[in-house]
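Residue-level structure breakdown
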Amino acid sequence: MNSKKLPFSAEELKKLCSDLPTPFYLYDEKGIRETCRELIKSFSWSADFKEFYAVKALPNPYILEILKDEGLGADCSSLAELTLAKAIGLKDTSIMFTSNNTTLKEYEEALKLGAYLNLDDFTHIKFLEENLELPETISFRYNPGPERSGNVIIGTPEEAKYGFTKEQLFEGYKYLNDKGVKHFGIHTMVASNERDPYFFIETAKMLFELIIQIKDKSGVSIEFCNLGGGIGIPYLPEEEKVDLLTISKGVQNEYEKLIVKNNLNPVKIFMENGRMITGPHGYLFTKAIHKKEIYKNYIGVDACMSNLMRPGMYGAYHHISVIGKEDAIHDKTYDVVGSLCENNDKFAIDRKLPEITNNDFLVIHDAGAHGHAMGFQYNGKVRSAEYLLTENREIKQIRRAETLEDYFSTLSYPGL
Ligand SMILES: *Cc1c(COP(=O)(O)O)cnc(C)c1O
C-alpha cells in the first residue's frame, strides 16, 4: 500500500502550487482542531484532564492560538517558548514549564507568568531558593532509571539526563513540604513517538504507585500527575492511529485501582503531547528541480534537510505524494534529496514512487511537529515560510520565509 490521503481538494492543490513559492509548510487547521477534541474527549472521565501542547514541536503563535481556543495549555522549556505562550495570552495554570539545565532567567520568567514549575533536578530546589523563591506549587520530573525501558527516540531512562531518582523525589517533596510549599505534582516522560497504548498505561501505573509511596514516605498529597507527551503517529501508510480510548480506559482502570482505592483522589491527569496534536496536519511542499542517474536514481528537490531534519537525523520515514500522480503506478525507485553538502540530506531512500519529472510538486507528509521547528541554516540554507489552511479554506501566511538578509543580519561586515 502506498497511499496516504491529502486533505486538500484538487483545486486547492492547484492554487497552492501556482501561488506559493516552494518550499513551504502548510498546516491544516481543521485537522488540528479535530485531533485536540479527540484527545480531550477520550479523557472525559477525568474532570480536570488537561493537555499542555509541547511548544517546541511547532512554535508558531497562530497555531498556538488555535490550540488555546481548543482548551489546550502550553508546555514550555525555554525563554522563547514562555514568551510565545505569554504573547497568546496564556498564564498561570495554562503553562507547564518542563525544562532541564534551566537558566535563572528562564525560571524568573516562568515564575512571573505563574506557570507550573516542573523541576528536573534536586539541586534546582536550592537554586530557586537561593536566587528567586519557591512558588506555592511545584512538580518534579521522575526518571525511573533501570525500572523502565524507553524507546528509540528518547533512549533508555538510565542513560537519560532528565529527572530525579526515586529517593531524591521522596526527599525533595518532604523538604518542600517543610518549607511551606502547598501543592505538588509529579511528571515523567519516557517515550517519544510511541504507538503502543499499553506503554502509556504502564507509565500511569508507575506514577500512581509512586504517588502512594510519596504519601507514605514524604507525607505529601500529589494533586496532579503529568504523563508526559510522546504519543506517536502513523508515519507509514500501513500504520494505524494510536487508539486514544485504549490509553484513556487503561489509565482510568489504574486510577481506580491505585488512586481511588487508596483515598488519594482527586489527582488531575495532565499530558504534554506535541507530535500527535499537529504532526499529521503539517505538510512540506517542495518542487523537483533536478533528476540525476548514476549508481542510483536521484530526485533533487528545492527543500533540504534544514527544512525537515527528521529523516537525516533519525532515519525517520516521511511519506511522499507526487501531486497529480497519487494514483499512478509507483514503479520507480528514487532517493529524494536536498542540496546540502551532507549525504544524509535525503527525504527518502530507495522509495517506490511514480515517475517524477522536473517541476513536479512533492508533498512530504506528517511534518507538522518537529519539522519547521528543528530547521537550521547550515550551508546558508534559510528556513521556509509557513502557511495555515484555515477552517474556511483560506490560505494564510503565518511566517514569512527567511531571506539572505536575515541570514547575514547578525554580521556587521562591509558588503554583506
Ligand atoms: C519533546 C517533549 C514533549 C513532546 O513530545 P512529543 O513526542 O512531541 O509528544 C513533551 N514533554 C517534554 C518534556 C518534551 O521534551
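Please refer to the structure placed before this passage.
Figured I'd write up the structure that's included with this text. As the structure is a prediction and not an experimental result, all values here were calculated from the model. Residue indices begin from 1 for each chain and proceed along its sequence in written order. Reporting of local features is limited, given that this is a predicted model, to residues whose pLDDT is at least 70; pairs of side-chain atoms are given and counted only at 80 or more, and all residues count toward the totals for whole chains, interfaces and linings. To obtain the side-chain values, all non-hydrogen atoms of the structure were included, while hydrogens and water were left out.

1. Here's the deal with the side chain of S248
The test is simple: Starting at the N terminus, helices and strands are each numbered in turn, a helix being any DSSP run of H or I of at least four residues and a strand any DSSP run of E of at least two. With a 1.4 Å probe rolled over the protein chains alone, any residue whose accessible area is under 20% of its type maximum counts as buried; one over 50% counts as exposed, and the rest are partly exposed. In this analysis, two residues are considered to be in contact whenever any of their non-hydrogen atoms come within 4.5 Å of each other.
Topologically, S248 is positioned in helix α9 (residues 244-260). The exposure class of S248 is buried, given its relative accessible area of 1%. Beyond its immediate stretch of four places on either side in the chain, S248 contacts S42, F43 and W45.

2. Considerations on empty space enclosed by the protein
Which entries qualify depends on this criterion: Cavities and pockets are defined on a 1 Å grid built over the protein atoms alone: a cavity is a set of grid points where a 1.4 Å probe fits but cannot escape, while a pocket is an open set with protein on both sides within 12 Å along at least five of seven lines, and lining residues are those with an atom within 4 Å of any such point. Grid points are joined across faces, edges and corners, and a volume is the space filled by probe spheres set on the points.
Taken as a whole and assessed by the stated rule, the structure comprises 3 cavities of 30 Å³ or more. Around the second largest cavity, the lining residues are T188, M189, V190, A191, F199, F200, T203, L227 and G229.

3. With respect to the site of the ligand
Selection criterion: One heavy atom within 4 Å of a molecule or strand is enough for the residue carrying it to be called near that molecule or strand. Counted as a polar contact is a pair of N or O atoms within 3.5 Å, where, for protein atoms, one must be capable of donating a hydrogen and the other of accepting one, and residues adjacent in sequence contribute only when both atoms are in side chains. With residues, only the protein chains shown are counted as cover, and all accessible areas are computed by Shrake-Rupley using a 1.4 Å probe.
Residues in contact with the ligand amount to 14 residues; listed here are only the nearest, K56, G230, E272, R275 and H370. One nitrogen or oxygen atom from the side chain of E272 is found 2.7 Å from a nitrogen atom belonging to the ligand. Bound to the protein, the ligand loses 89% of the 380 Å² it would expose on its own.

4. Here we look at the environment of Y25
Tracing the chain through its elements places Y25 in strand β1 (residues 24-28). Residues Y25 and N307, 282 residues apart in the sequence, show an inter-C-alpha distance of 9.0 Å. If we skip the residues at most four places from it in the chain, Y25 touches Y283, L284, N307, L308, A367, G371, H372, S384, A385, E386 and Y387.

5. Examining the layout of surface pockets
Short version of the rule: Residue ranges labeled as domains rest on an automatic or database domain assignment.
For the second largest pocket, the calculated volume is near 500 Å³. Looking at the lining of the second largest pocket element by element, the count peaks at 4 residues for helix α2 (residues 29-42). Looking at which domains feed residues into the lining of the second largest pocket, each of domain 1 (10-26 + 279-408) and domain 2 (30-277) supplies at least three.

6. Thoughts on the sheet that holds strand β8 (residues 222-226)
This is how it is decided: Each pair of strands is called paired provided DSSP finds at least two bridges between the two strands. Under this scheme, a helix contributes an axis fitted over its contacting stretch, all axes are lines through C-alpha atoms, and angles between N-to-C directions fall in the 0 to 180 degree range.
With parallel pairing, the 8 strands of this closed barrel are ordered in space as β2-β3-β4-β5-β6-β7-β8-β9. Direction aside, neighbouring strands of the sheet carry axes that sit 25 degrees apart on average. Pairing between strand β2 (residues 50-54) and strand β3 (residues 73-76): 3 bridges, direction parallel. By the bridge assignment, A54 is partnered in β3 with D75. Across the sheet, helix α7 (residues 166-178) is in contact with β6 (137-141), β7 (183-187) and β8; its angle to β7 comes to roughly 160 degrees.

7. Overview of helix α3 (residues 61-69)
The test is simple: Here the arc refers to the set of directions running from the helix axis out to each C-beta atom.
Taken as a whole, α3 has its buried residues at I63, L64, I66 and L67. Buried residues of α3 fall within an arc of 155 degrees about the axis and therefore sit on the same side. Of the residues that open α3, the one with a side-chain oxygen 2.9 Å from the backbone nitrogen of Y62 is N60. Two residues or fewer past α3, G71 is found with a positive phi of approximately 95 degrees.

8. Section: a nonpolar patch on the surface
To be explicit about the condition: A patch consists of residues exposed above 30% relative accessible area that lack any salt bridge, with like charges linked at up to 9 Å and nonpolar side chains (Val, Leu, Ile, Met, Phe, Trp, Tyr) linked at up to 5 Å. Throughout this description, the term salt bridge denotes a Lys or Arg side-chain nitrogen within 4 Å of a carboxyl oxygen of Asp or Glu.
Together, L411, Y413 and L416 line one region of the surface with nonpolar side chains, adding up to about 350 Å² of accessible area. Turning to its location among the elements, L411 is positioned in the segment after α12 (404-408). Among the residues examined, L411 registers a relative accessible area of 48% and is labelled partly exposed.

9. Concerning the pattern of salt bridges
One pass over the structure, following the stated rule, counts 28 salt bridges. In this structure, K296 and D350 form a salt bridge, with 3.0 Å as the shortest nitrogen-oxygen distance. Placement of K296 in the loop between β10 (282-293) and β11 (297-301) and of D350 in strand β14 (residues 346-353) is noted, with a sequence separation of 54 residues between them. With a relative accessible area of 29%, K296 lands in the partly exposed category. We classify D350 as partly exposed; its relative accessible area is 48%. K346 is the salt-bridge partner of D335, the closest N and O atoms lying 3.1 Å from each other. Of the two residues, D335 is situated in strand β13 (residues 332-337) and K346 in strand β14; the sequence distance between them amounts to 11 residues. Accessibility assignment for this pair places D335 and K346 in one class, buried.

10. Let's talk about the pairing of β11
Of all 5 residues making up β11, 4 are buried, and the element is well covered by its neighbours. Inspection of the sheet shows β10 paired to β11 by 5 bridges, in the antiparallel sense. The residue of β11 that forms the bridge with K291 is I299. If you look at the hairpin formed by β10 and β11, you'll find 3 residues sitting between the two strands. Relative to β13, β11 is paired through 3 bridges, and the arrangement is parallel.

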